[in-house]
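# Structural characterization, general
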Amino acid sequence: MVFVHSPRAPRPSRPHHQQAPAGLTSWLASVDAASEPAVRLVEIDGVTCVIKRRRPSFARGVSYAVRYVRAAMLGAGCKLVLGEWPAPGVLVHNGLAHEAARLRMLDQANWRVPLVWSFKPGELVLEYVGDDMPGVLRRASPEQQQVMVDAMAVELAAFHAQALWHGGAQVRNLTWYRGEIWRIDFEENIGAALSLPLAQAYDVYQCLSSLVALRGLSEATAQSLGARFLQGYLDANDDAAVRAGLTRMAQSICAASRVIRPVLGWVPGRDVQGFFRVADTLRLL
Ligand SMILES: Nc1ncnc2c1ncn2[C@@H]1O[C@H](COP(=O)(O)OP(=O)(O)O)[C@@H](O)[C@H]1O
Ligand SMILES: [Mg+2]
């Protein structure tokens, strides 16, 4: 199914970008791809480049069936929590080729994402767009944290007002660059398999849940930044369909939390405690 949506807000002006370094092609030819890491930041001719590599793995390349089953399980989770069943056949079309295509599309929409400087199967070279948000937030003062979380909320609402979705909107896939939020990591395809409002509600959920579970912040700080993010987003986006999707998600998560908390409430660990923190924050809805 193809969903066509038109943006609710005027298109932003194109952000400033770097030029690809002239020596990129010869640098790529000079390294042994097989011994390169999955993500490498490298400076070529004084320009920082990000090189992402994905080797064909058993789960990825050999067995379409394994990926299909994984996608179907994710789909079942979505049906349970979101009330919508994303087609597994769409979900399996993820990975670097998908990311390169989405980055080019988002650049056409003038969104703040890295430029694709080169792509071939298994190797994607991107413009560097700053330090990722988890570290930036940890190093920031409480006042700066609030400013950044407000920026995250307003930016996500503006991104959604362009009829766009991320699909991997966790804090670790945001960067802080030239005083603005940029988005990276577009390998996941879940938004293409959901309706737009649900894909956007899922972005809000992913950003919120990663924010309240962020390592290095006290529980009180994480919880208050999470509430601030959610409120900021809702203030900036009045789309009733996204709100309905979030409310539906909140109901499922709060119900699950009520059942699980008496049993697992004492278990330490970011995943478990993060889940309860999300449930507490989503009660705002
Ligand atoms: N264009 C970019 N600019 C700056 N940092 C990046 C960029 N792309 C990736 N990174 C860094 O590399 C990390 C991993 O890249 P990412 O695209 O998120 O892949 P994945 O999470 O699938 O491994 C990011 O969290 C970020 O720290
Ligand atoms: Mg990532």
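Residues numbered from 1 in each chain as written. Chains lettered and ligands numbered in written order. Predicted model: local features only at pLDDT ≥ 70, side-chain atom pairs only at ≥ 80, totals over all residues. Heavy atoms only, no water.

## Some thoughts on the pattern of salt bridges
Put simply, the rule reads: A pairing counts as a salt bridge when a side-chain nitrogen of Lys or Arg comes within 4 Å of a carboxyl oxygen of Asp or Glu. In DSSP terms, a helix is any run of H or I states spanning at least four residues, a strand is any run of E spanning at least two, and both are numbered starting from the N terminus. Whether a residue is buried, partly exposed or exposed follows from its accessible area with a 1.4 Å probe, protein chains only, as a fraction of its type maximum: under 20%, in between, or over 50%, in that order.
Taken as a whole and judged by the stated rule, the model has 16 salt bridges. Notably, a salt bridge pairs R228 with D150, separated by 2.8 Å at the nearest N-O pair. In this pair, R228 sits in helix 10 (residues 219–236) while D150 sits in helix 7 (residues 142–161), placing the two residues 78 residues apart along the sequence. The exposure class assigned to R228 is partly exposed, which follows from its relative accessible area of 32%. Salt bridges here are not isolated pairs; linked through shared partners, they connect K52, R54, E99, D185 and E187.

## Points about the sheet that holds strand 2 (residues 47–53)
Rules: Two strands pair under a simple rule: DSSP has to find at least two bridges between them. For helices, the axis comes from a line fit to the C-alpha atoms of the stretch in contact; other axes are also lines fit to C-alpha atoms, and the angle between any two N-to-C directions lies between 0 and 180 degrees. Should any heavy atoms of two residues lie within 4.5 Å, those residues are counted as being in contact.
Pairing within the open sheet is antiparallel, and its four strands lie in the order 1-2-4-3. Since the sheet does not close on itself, it has two edges, and those belong to strand 1 (39–44) and strand 3 (116–120), each with one partner. Taken pair by pair, the neighbouring strands of this sheet meet at an average axis angle of 20°, ignoring direction. Relative to strand 4 (residues 123–127), strand 2 runs antiparallel, the two being bridged by five bridges. Bridging from a neighbouring strand, C49 pairs with E127 of strand 4. The strands touched by helix 5 (residues 96–108) are strand 2, strand 3 and strand 4; relative to strand 3, the strand with the most contacts, the crossing angle is about 150°.

## Considering the environment of A153
Structurally, A153 can be placed in helix 7. What makes A153 buried here is its relative accessible area of 0%. Each C-alpha atom of the pair A153 and V212 lies 14 Å from the other, and the pair is 59 residues apart in sequence. The residues touching A153, leaving out its near neighbours within four places in the chain, are F229, G232 and Y233.

## Topic: unusual backbone geometry
Phi is positive for D45, close to 50°, though the residue is something other than glycine. Position of D45 among the secondary structure elements: in the loop between strand 1 and strand 2. The exposure class assigned to D45 is exposed, which follows from its relative accessible area of 56%. Located in the positive-phi region is R178, a residue other than glycine, with phi close to 50°. On the secondary structure map, R178 appears in the loop between strand 6 (174–177) and strand 7 (180–183). Taking the relative accessible area as the measure of exposure, R178 reaches 42% and is therefore partly exposed.

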